[in-house]
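# Architecture at a glance
This is what each chain is made of:
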Amino acid sequence: MLSKTARKRNPLYTAISIMTLLPLSGMTLAQEDPQIEEVIVTGSFIRRSEGFTQASSVVQFTAEDLEAEGTLNLGEVVHQMSFVNGAASAIATMPAQGASSRSTSIDLRGLGARSTLTLLDGKRLVNQNVNALIPTIALQRIDIVADGAAALYGSEAVAGVVNFVPYSSYDGLRVETFAEGDSRGDWDQHSAQVLWGGDVGDLDVVVAGQFRQQSRLARDERALLANSGQNLSSNAPGNWRVPVRDENGQYTGQNRNQPSPNCAPAAERTIYSPGQVNAPFGMRDGNNCWFDFGDNRSYFEPELHNKLFGNATWEVNDDLTLSLQGFRARLWERSYTSTSNPSNPRIGELPAVRGEIPGNPYWAVNSAGQQLYGVDLNQDGIPDRGTADLNNDGWNDYIVSGIADNGVPLREDVLARRLRPVNKTHTASTGHSPDKDNTADRVDTLSRWNLQADFNVPFVEGWRGMAAWTQNVRNYAWVENRNLDISAMIQGLNCDVANDRDACYSPFLIVNEADNNSVHVMDAVAAHSNKSTVDELDTLDLVFTGEIPLGGWELPGGPIGAAFGYQFRDDSYTNNPAEEETAGVAWIGSSVREHVTTGNRTVDSFFAELAIPILSNLEASAAIRREEFSTGQVSTDPKFGITYAPTDWLTLRATNGDAFIAPTLEQLLNPVTCGLTQVTDRFSAFSGFVSGCRGGNPNLENERSESSQFGVDVVFGDFDFSVTWNNTEFENRIVGTNGAQLMALDFFNFQQATGFAGDGSEGNKPTHQQLVSWVSNPASNKDIIRDPEDLGTILQINGLGTTNAERVDVTAYDIQGNYSLGLGNIGDVRIGLQATYIDEFLVQEDSTQPEFNAVGQQNQPTGTAPALPRWKANLRAGWTLDNHSVVATAHYLHAIDYDGGLFTFLDRFGGTFRPAGIRDTGIYAWTDMDLAYTYRGLSAFGGEFAFTLGSRNLFDREAQRTPMPSGILAELHDPRGRIIYGRMVVDF
């Protein structure tokens, strides 16, 4: 073991790789320390000699490598790794397509974020959001095991393990400030960090803090990009059912669907302008008034991050070391979304909107189009009603006096057909911005404490032990700005217009401000109530490592190394619904009252690991772990490996092992709740967001996988090169079905049953009669709820829960290489390559569907696989001379086919720029470059300064426009363009 003094001299001592590969190396690499004898690096619990290559591929990013990435957002660092795919790892996971730069999870191999286990200092986290970890200045390195590792680490380690390792010892004070912004001046980010380490009595202490602030990048600040995408919804204000009258002004018993006369023609839509309300009256296209929501949303939300980290180590004696480690991260975000969201299922609960409600634009006319008038005997300004309800809308009919102008023109009682309760012409509630963005604050707070004892095992010579208790708590609180309050709407529609006008709620498009709603009515309708979830994870870890005594005999390669351990986990959650949900009045939901839901389970895990040095250049390894869940899941997972070095420049390695993912507590236990799901109906012109309902499934089973890996490592002096073949067969995957998938499957079943050859695109849709026949067919999906009076309108989709269905088989090659070259007095050059080639990504969504290869596809229709370029590569070159250094990095993504929606109806709207022919051209190959210059060695004020000036996407490549929501494929491209950044670091 190293003494504390030795560790102080080299605070990166544990970063020595058990492989010789340090991909994409930064300005410096960890140097050999002759005092180092044994270390533990992620991927094994057995202590190893420096330089030993284990069977599993292990990649390390040092603190210097992280600096060279030119960002403090770990989500962006993760996104650039060649073996990472998936929306959860998109560039800062922008809210462009439903995610947030506040939260990024690692998705190795594109197998899903839950297929990668994320650790901090080797211990589990309650939440795998890498942006909610410790200050980046406190990170010593990142270890990545890109291989199934459940035999050592348990559930979720299917694609691999990512371990964020902080400094446990540091000598001195480091202060860092970082600022970046896009070259157009629309977005910026600032950060200040501090790291201090030293002795406090007998304690070796490290503390760190970080503050980071990010501004908003709204979609209207990238107007061309945003207006290329699907930012329009046919679920809009201004779509109503209006009663039909005959020549005498009497009801015929029929209604007609009529968009608001105030709805603007689609051709008059204009491109977004920052800070302006775009198309407040909607756009009329055919028999619908459409809603434009893109100018209400963001590519990046404004954020504030505050993080604290501390570690204290006490070497009690030669046999015992105690350590206490903790961190707290608070992430604040203000989200911006549509002015309000639609919900067709609860429209039927609304009363007919009376003619006297302010802003009602539907004049009562006879069949000849002549204005009808009524009587007002009490002179209150409200037309009088009779005793009959011939229209069956719940209101007694107005008394019609005829077409003579008697001063009381009638407006119709109308029924909502499609409705957004808050539209852009309404008075802004206190939760809406002046330009009618619907805002909500979100606060994500995570804290963790870890108490650990490292000790020599009594009475067993040479064996070391580790015992640790870790407590994780996550409290996520936010304003629920999508619910709205149907009870407030009903109350406002039933108001006394004559005597309490300010209590009235007008759902119409408002032309005259005198007809608008009061702020207190809009606040009641908009709701904006608080909601929260609390997740807790407590773990107890016991690990014993050493050598197995063989009575004085040992194998030709040396003694057998072993590790044994036990882990106990206690996992729980609490969901606290919003007020509208507990009262059963949420507009997007149902009348069923939700309640506080909780869940809890415990896990007992036992594992063993052996390293068997058969020869001096041949080692076999074996590990096995058993996990038993109190919710009934059980798994026993072995892993085997072999490493062979026939020469000093060549190493061969291979592994094979099983892994699994246990369903989450929420997947098992959550009650049915309703939210939004986006659908495009292939039977009609309907496209937009509708209510979708899902719940837990207590019958879920573990997801299962088998992983195999074979690698070749070559080292010649300053050159090293590695190729690793990976294969993961993943079965029984838990699928969270979305509305688009159910709609697509229903249309497929229709085609199979009827032989219909059209694909459902515009001009190739079934007739209305074919839709009528299919809806009445028992084979049609009854979870798709259509409006019985207008089958082309989707009201709600049920059955969006989870089930075990998918099978995925991924084969990929990881390529890494490094070369260093000394050029004498003109400096030193280092070159690093990291690349991944995906050979196959075979997907079978369920047993009734054919298998398909997702490589080279965008994969939007499936939801099973992310966008998968066949090649993803990073090439980095660094030059250093005295105090000067330059690092350049090129990123490459192979072209993919576009298989998302074309949304040809966008061509009918003004101000849109739908990319034509994208089905043929696809998403083109992408190459960009980062460049940074650093000067080190300036001494002042008792410290040593280093300055960095750099740019990401140096040549300002613009993201390719697509018809997708937001106009960008956020998994691959960044809407910000060129980013310029600067960093100053001072070491005292």
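Residues numbered from 1 in each chain as written. Predicted model: local features only at pLDDT ≥ 70, side-chain atom pairs only at ≥ 80, totals over all residues. Heavy atoms only, no water.

## Things to note about the overall build of the protein
Here is the rule: Helix and strand assignments come from DSSP, with helices taken as H or I runs of at least 4 residues and strands as E runs of at least 2, each series counted from the N terminus. Atoms considered for the radius of gyration are the C-alpha atoms alone. The globule rule reads 2.2 Å times the number of residues to the power 0.38. Burial classes: relative accessible area under 20% of the type maximum marks a residue as buried, over 50% as exposed, and values in between as partly exposed (1.4 Å probe, protein chains only). A contact between two residues is defined here by any heavy atoms of the two lying within 4.5 Å. Note on areas: Shrake-Rupley with a 1.4 Å probe; residue coverage comes only from the protein chains shown. In this tally, Asp and Glu contribute negative charge and Lys and Arg positive charge; neither His nor the terminal groups of the chain are included. Each charge is placed at NZ for Lys, CZ for Arg, CG for Asp and CD for Glu.
Looking only at helices and strands, the protein features 12 helices and 45 strands. Here the C-alpha radius of gyration of the protein, 32 Å, is about what a compact globule of 988 residues would show, namely 30 Å. Dimensions along the principal axes, computed over C-alpha positions, put the protein at roughly 110 × 65 × 55 Å. Put simply, the protein has 988 residues, and 59% of those count as buried. The contacts of the protein with a sequence gap of at least 6 include a subset with a gap of at least 24, amounting to 73%. In the structure as shown, the protein presents an accessible area of about 37,100 Å², 54% of it carried by carbon and sulfur atoms. The protein carries 73 positive and 122 negative side-chain charges, and their two centres are separated by 3 Å.

## Section: the packing of aromatic side chains
Using the following cut-off: In summary, the pairing rule links any two rings of Phe, Tyr or Trp, Trp by its six-membered ring, whose centres are within 6.5 Å, and it sorts them by plane angle into stacked for under 30 degrees, edge-to-face for over 60 and tilted for everything else. Here, a charge over a ring is recorded when the distance from Lys NZ or Arg CZ to the ring centre is within 6 Å and its angle to the ring normal is within 35 degrees.
The final tally for this structure, using the stated rule, is 28 aromatic pairs. Seen in terms of ring centroids, Phe-683 and Phe-750 are 5.0 Å apart; in terms of plane orientation they differ by 65°. Their pairing is edge-to-face. Note that Phe-683 is positioned in the loop between strand 32 (673-680) and strand 33 (687-694) and Phe-750 in helix 10 (residues 739-754), a separation of 67 residues in sequence. One exposure class covers both Phe-683 and Phe-750, and it is buried. Members of the aromatic cluster, each reached through a chain of ring pairs, are Phe-683, Phe-747, Phe-750, Phe-756 and Trp-774. The cationic tip of Arg-216 hangs over the ring face of Tyr-336; the distance from NZ or CZ to the ring centre is 3.6 Å.

## Considering the sheet that holds strand 23 (residues 415-418)
Rule in force here: Two strands qualify as a pair provided that DSSP identifies no fewer than 2 bridges between them. The angle between two axes is taken between their N-to-C directions and runs from 0 to 180 degrees, where each axis is a line fitted to C-alpha atoms and a helix contributes only its stretch in contact.
If you walk across this open sheet you meet the three strands as 14-13-23, and the pairing is antiparallel. In the strand order of this sheet, the two ends are held by strand 14 (251-259) and strand 23, each with one partner. Each strand of the sheet is rotated relative to its neighbour by a mean of 40°, with strand direction disregarded. Relative to strand 14, strand 13 (residues 239-245) runs antiparallel, the two being bridged by six bridges. From the neighbouring strand, Arg-245 faces strand 14, where its bridge partner is Tyr-251.

## Description of the sheet that holds strand 17 (residues 288-292)
Pairing within the open sheet is mixed, and its four strands lie in the order 12-17-16-15. Looking at which strands have only one partner, the edges of the open sheet turn out to be strand 12 (232-233) and strand 15 (264-265). Pairing analysis gives two bridges linking strand 12 to strand 17, with the strands arranged antiparallel. The residue of strand 17 that forms the bridge with Leu-232 is Asp-292.

## Quick notes on the pairing of strand 27 (residues 560-576)
By the bridge criterion, 17 bridges tie strand 26 (residues 529-548) to strand 27 in an arrangement that is antiparallel. Among the inter-strand pairings, Ser-532 is bridged to a residue of strand 27, identified as Asn-576. Looking at chain direction, strand 27 and strand 28 (residues 597-615) are connected through 15 bridges and run antiparallel. In the strand pairing of strand 28, Tyr-566 is matched with Phe-606.

## Looking at the nonpolar core
As a reminder of what qualifies: Side-chain atoms within 4.5 Å are what join buried Ala, Val, Leu, Ile, Met, Phe, Trp, Tyr and Cys residues into a set we call a nonpolar core.
Counting 57 residues, the largest nonpolar core has Met-81, Ile-106, Leu-108, Leu-111, Ile-144, Phe-164 and Phe-841 as its most contacted members. With residues up to four places along the chain from it excluded, the contact list for Met-81 reads Phe-61, Ile-144, Gln-834, Lys-872 and Asn-874. Within the second largest apolar cluster, 28 residues are counted, among which are Trp-240, Met-489, Leu-493 and Val-497.

## Digging into the side chain of Glu-581
Using the following cut-off: We define a polar contact as two N or O atoms separated by no more than 3.5 Å, with the added condition that, inside protein, one atom must be a possible hydrogen donor and the other a possible acceptor, whereas residues neighbouring each other in sequence contribute only through side-chain atom pairs.
Looking at the element boundaries, Glu-581 is found in helix 8 (residues 579-583). Side-chain polar atoms of Glu-581 contact the side chain of Lys-531, separated by 2.8 Å. The residues touching Glu-581, leaving out its near neighbours within four places in the chain, are Asn-483, Lys-531, Ala-586, Val-592, Arg-593 and Glu-594.

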